[in-house]
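# Working through the structure, step by step
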Amino acid sequence: MRWAVIVFPGSNCDDDAVAAITRATGDEVVKVWHQERDLRPYDAIVLPGGFSYGDYLRCGAIARFSPVMAAVRAEAEAGKLVLGICNGFQILTEAGLLPGALVRNHHLQFRCEMAELVVENDRSPFTSLYRRGERVRIPIAHGEGRYIADEAVLDELARAGRIAFTYAADVNGSARRIAGVLNERGNVLGLMPHPERAVAAWMGSEDGLRMFAAIHRAVEEGVHVG
Ligand SMILES: NC(=O)CC[C@H](N)C(=O)O
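Residues numbered from 1 in each chain as written. Predicted model: local features only at pLDDT ≥ 70, side-chain atom pairs only at ≥ 80, totals over all residues.

### Quick notes on the overall build of the protein chain
Operational definition: Only runs of H or I of at least four residues qualify as helices and only runs of E of at least two qualify as strands under DSSP, and these elements are numbered from the N terminus. Each radius of gyration reported is based on C-alpha atoms, and the globular scaling rule is 2.2 Å times the count of residues to the power 0.38. Our exposure labels follow a C-beta count within 10 Å of each residue's own C-beta, placed from the backbone: buried means 20 or more other C-beta atoms, exposed means 12 or fewer, and partly exposed covers the counts in between. We call two residues in contact whenever the C-beta atoms placed from their backbones are within 7 Å.
The number of helices and strands found in the protein chain is five helices and 13 strands. Over its C-alpha trace the protein chain gives a radius of gyration of 16 Å, about what one expects of a compact globule, namely 17 Å for 226 residues. Expressed as lengths along the three principal axes of its C-alpha atoms, the size of the protein chain is roughly 40 × 40 × 35 Å. Counting only residues that meet the buried cut, the protein chain has 54% of its 226 residues in that class. At a minimum sequence separation of 6, the contacts of the protein chain that also span at least 24 residues come to 76%.

Structure, rendered in structure tokens:
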């Protein structure tokens, strides 16, 4: 299979994402500039972390107007797997592909540290190699990672199993400690922690490997979502 890692002006985790996917899967990975309009040649799409457009206005608020985002939307609607990591998650919420918003951490600090997450849903194509209730170590690095949404939306996310990960401890003030959410169909995942920074023992954790491996498996087996 072939992956696309989208590069926006200000992305800074694109090379790490490519390296992590390569390590986890051995698949072909292509960096795709944000002005590209056609993502049909790719089987899975990753929006990496970083500071697209310098985080001006709000994180992700400008990147969502990039030409590539129409293609991301089209491929998501076609059922392709789309993974947004950190700034990628922020862009997906700004684009309306995921519910809610990411706002300034409640302590107003940029936090770059290892985080413990709880796997809340192990039935998605992104999380099938984890076990529900398992605790995994995946680092965070964000200033605007506090997930918020209306209570009704939060209730629906919980009811429908669309909360993929929560933080084991409160790191940023996120509602219900939410670290990652799925779209209704289950083929788009956004999360603030960085799985691409947890793919080798020297990084302090290899727990991120299974996310990329799960995506690979789902695509190779012909994932059916929705
Ligand atoms: N690592 C990242 O992707 C950071 C996201 C964003 N720039 C923030 O600070 O919240």
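### Description of the pairing of strand β3 (residues 44-47)
Heads up, the condition is: What makes two strands pair is DSSP finding at least two bridges between them. Clockwise travel from the first strand over the helix to the second, with the strands pointing away from the viewer, marks a crossover as right-handed.
Judged by which residues are buried, β3 turns out to be covered on both faces: Ala44 and Val46 on one side and Ile45 and Leu47 on the other are all buried. Sheet topology note: the strand β1 (residues 2-7)/β3 ladder contains three bridges and is parallel. Directly across from Val5, in β3, lies its bridge partner Val46. As paired strands, β3 and strand β4 (residues 81-85) are joined by four bridges and run parallel to one another. Across the sheet, Leu47 pairs through a bridge with Gly84, a residue of β4. The parallel pair β3 and β4, bridged by helix α2 (residues 68-77), forms a crossover whose chirality is right-handed.

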